[in-house]
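Each chain, letter by letter, is given below.
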Amino acid sequence: MIADCGLKNGDRLSTSEICNPKSKMLAMVEVTLLRGRERRPLAGHPWIYQGEIERIEGDPEPGERARVKDFRGRFIGMGYINPRSQITVRLLTWEEEAIDEAFLQRRIRKALEYRKRIVADTDACRLISSEGDFLPGLIVDRYGDLLVLQILTAGMERLKEVVVQLLVQLLSPKGIYERNDSPSRLLEGLEHQKGPLYGDFDRVVQIQEGGVKFWVDVAEGQKTGFFLDQRENRFALRGYAEGKEVLDGFCYSGGFALNALYAGAASAVGIDLSPAALDLAKRSAEANGLADRCTFKEANAFDELRALERTGRHFDLIILDPPAFTRGKEAVAGAIRGYKEINLRAMKLLREGGILLTCSCSYHLDAETFLGVLQSAALDAKKRLRLLELRTQARDHLVLLGVKETYYLKCAILEVMRA
Ligand code: SAH
């Protein structure tokens, strides 16, 4: 089975080596933390930064397994180490247990069981959500009978072969595609890798989400092909859409716009900078028989929102789901200006009592700050806002309370009224 998957052994360890207690994989590196630095990992946060480590015994290679102790030598947890990365250790477990194939199988099974319980009415979802599923560095998305794998760390890279084998065993997918082109791999000293790992399949597949069909390009699409994290927010939008004139400001492949139309919206305009995304949106509109009620336009949303205002056009429902305006702490001020600008414009374009569904996926901008930005935009636009729903990422993108980085998506649904 695994022989089909096109993995090259190279200098990576084989399954038997990982499972063999005598192998290098199990020759564990001992890591001792500085005094006081045990608090966060003990509270369940899996990351240990370079500056929190007092001593590393040995000279570990990126991705080797590590056993972490506090300054008194008391056991904290086990994971893997990458001396080249600022996040030097990531913990996989807080128990003294072997990190072998059986361990990975247990973790993956748990992740799959959880999705079975909470994901309904779609054939696309995130099956494994990295830290959220206690598998840091590993993302697995399902698109119909295709899986897309993303590995973000050197430690997980070493486990890739076993992970692929387990996914094949547990899910019998038609294929597995590797989307290892995330910029964060470079911080781990890993190269970008992209291509099929297992099976034979088309790179552009059709999925369905609550009755709406979408074309997804797993090779060239953004993220792993689709914004799975917005699924529950797209469903929530349906309740506000009937009979409405809709504007979807950063529409990608039409996710929100097509859901609105499916729920009875009168019309929808989608705007995006990416012609490839718009092409998928148009094809998906056709596939759902919704093409006659929507237009998709290649434009910069910042310019287009202003241009629409100049023409005096109005809408009943506006969606703003921009990309993260900041990936770092230092750029938050600029991001705030960006969010304020687009939200202010959207508020002006809405008819009295119109609905604004507005998102921020910038982790560094917390929910409270985001709501503050919306309020400040409302003041400038001379509007009052009623917060109808404050939502977050779909539940297959797990949030761990002890790991604030797992909570990134904010989605506010607001009623916009004259001040
Ligand atoms: N709501 C979508 C996902 C949107 S992702 C869904 O549910 O699938 C953000 C999108 O914004 C991307 O498609 C990106 O191409 C687009 N984008 C980025 N900057 C933009 C800009 N200045 N104007 C318009 N679109 C932009």
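Residues numbered from 1 in each chain as written. Predicted model: local features only at pLDDT ≥ 70, side-chain atom pairs only at ≥ 80, totals over all residues. Heavy atoms only, no water.

Quick look at the sheet that holds strand β4 (residues 64-69)
Selection rule: Paired strands are those between which DSSP finds at least two bridges. Under the DSSP-based scheme used, a helix requires at least four consecutive residues in state H or I and a strand at least two consecutive residues in state E, with every element numbered from the N terminus. Only the stretch in contact is used when fitting a helix axis, every axis being a line fitted to C-alpha atoms; angles between N-to-C directions are given from 0 to 180 degrees.
Across the sheet, 6 strands lie side by side as β2-β6-β5-β4-β1-β3; this open sheet has mixed pairing. At either margin of the open sheet sits one strand with a lone partner, and together these are β2 (47-49) and β3 (53-57). Averaged over all adjacent pairs, the angle separating strand axes in this sheet is 30 degrees, with direction ignored. Bridging between strand β5 (residues 75-81) and strand β6 (residues 87-93) involves 4 bridges; their strand directions are antiparallel. Of the residues in β6, the one forming a bridge with Y80 is R90.

Things to note about the site of the ligand
What counts here: Residue proximity to a molecule or strand is established when one non-hydrogen atom of the residue lies within 4 Å of it. Two N or O atoms count as a polar contact when they lie within 3.5 Å, although within protein this holds only if one can serve as hydrogen donor and the other as acceptor, and sequence-adjacent residues are included solely when both atoms are side-chain atoms. We get accessible surface area from the Shrake-Rupley algorithm with a probe of 1.4 Å; when it comes to residues, only the shown protein chains can shield them. Classes in brief: Ala, Val, Leu, Ile, Met, Phe, Trp, Tyr, Cys and Pro nonpolar; Asp, Glu, Lys and Arg charged; the others, Gly included, polar.
Not every one of the 16 residues close to the ligand is listed here, only the nearest: Q222, R234, D272, A301 and D321. R234 places a polar side-chain atom, nitrogen or oxygen, 2.8 Å from an oxygen atom of the ligand. At a separation of 3.3 Å, a nitrogen atom of the ligand approaches a polar backbone atom of L273. Here the ligand has 580 Å² of accessible area as a free molecule, and 92% of this is covered by the chains. Residues belonging to the shell around the ligand are distributed by class as follows: 9 nonpolar, 4 polar and 3 charged.

What about the sheet that holds strand β8 (residues 138-143)?
Within the open sheet, the 5 strands sit side by side as β7-β8-β9-β10-β11. Their pairing is mixed. Single-partner strands in this sheet number two, and they are β7 (124-129) and β11 (193-199). If you compare each strand with its neighbour and ignore which way they point, the axes differ by 20 degrees on average.

Focus: the pairing of β7
For clarity, the cut-off: Any residue under 20% of the maximum accessible area for its type is buried, any over 50% is exposed, and the rest in between are partly exposed; the area is computed with a 1.4 Å probe on protein chains only.
The buried fraction of β7 is high, at 6 of 6 residues. Pairing of β7 with β8, which is carried by 5 bridges, proceeds in the antiparallel orientation. Across the sheet, the residue bridging to S129 is I139, located in β8.

Focus on the pairing of strand β1 (residues 29-33)
Along β1, 5 of the 5 residues are buried, which leaves the element largely enclosed by surrounding structure. Looking at chain direction, β1 and β4 are connected through 4 bridges and run parallel. Counterpart to V29 in the pairing with β4 is A66. Bridge count between β1 and β3: 4 bridges; the pairing is antiparallel. Bridging from a neighbouring strand, T32 pairs with R55 of β3.

What about the domain arrangement of the chain?
This is how the line gets drawn: Boundary definitions for the domains trace back to an automatic or database domain assignment. Residue contacts follow a heavy-atom distance rule, with two residues in contact if any of their heavy atoms lie within 4.5 Å. Buried area: the accessible surface (1.4 Å probe) lost by two parts on joining, summed over both. We define a salt bridge as a contact between a side-chain nitrogen of Lys or Arg and a carboxyl oxygen of Asp or Glu at a distance within 4 Å.
Domain parsing of the chain yields domain 1 (3-16 + 100-201), domain 2 (21-93) and domain 3 (205-417). Each side of the interface is counted separately: domain 1 has 17 residues, and domain 2 has 17 residues. The junction of domain 1 with domain 2 conceals about 1,400 Å² of combined surface from both sides, 58% of it contributed by carbon and sulfur atoms. Along the contact surface separating domain 1 from domain 2 lie 2 salt bridges. Across the salt bridge formed by E188 and R90, the nearest N and O atoms sit 3.6 Å from each other. Along the contact surface separating domain 1 from domain 2 lie 8 residue pairs in polar contact (both at pLDDT 80 or more). Elements represented by at least two residues in the side of domain 1 that touches domain 2 include exactly α3 (101-118) and α4 (154-158). By residue number, the principal contributor to the side of domain 1 that touches domain 2 is α4, which donates 4 residues. When grouped by side-chain class, the residues that make up the side of domain 1 that touches domain 2 number 9 nonpolar, 4 polar and 4 charged.

Here's the deal with the pattern of salt bridges
The tally for this structure, following the rule as stated, stands at 33 salt bridges. Notably, a salt bridge pairs K223 with D229, separated by 3.2 Å at the nearest N-O pair. Classification of D229 as buried rests on a relative accessible area of 3%. Notably, a salt bridge pairs R231 with D396, separated by 2.9 Å at the nearest N-O pair. Here D396 lies in the loop between β19 (383-391) and β20 (410-418) and R231 lies in helix α7 (residues 231-238), a separation of 165 residues in the sequence. For the pair R231 and D396, a shared accessibility class is recorded, and that class is buried.

Details of the nonpolar core
Our working rule: Here, nonpolar core means buried Ala, Val, Leu, Ile, Met, Phe, Trp, Tyr and Cys residues that are tied together by side-chain atoms lying within 4.5 Å of each other.
Judged by nonpolar contacts, the single largest core of 43 residues is most densely connected at Y143, V218, L258, F296 and L357. When residues in this core are grouped by element, the largest group, 5 residues, is from helix α8 (residues 255-262). Two domains each donate at least three residues to this core, and these are domain 1 (3-16 + 100-201) and domain 3 (205-417). Every residue in contact with Y143, bar those within four places of it in the chain, is listed here: D123, A124, V148, V205, I207, V216, V218, T224, G225, F226 and L228. L147, V163, L166 and I176 belong to the second-largest nonpolar core, a separate cluster that totals 33 residues.

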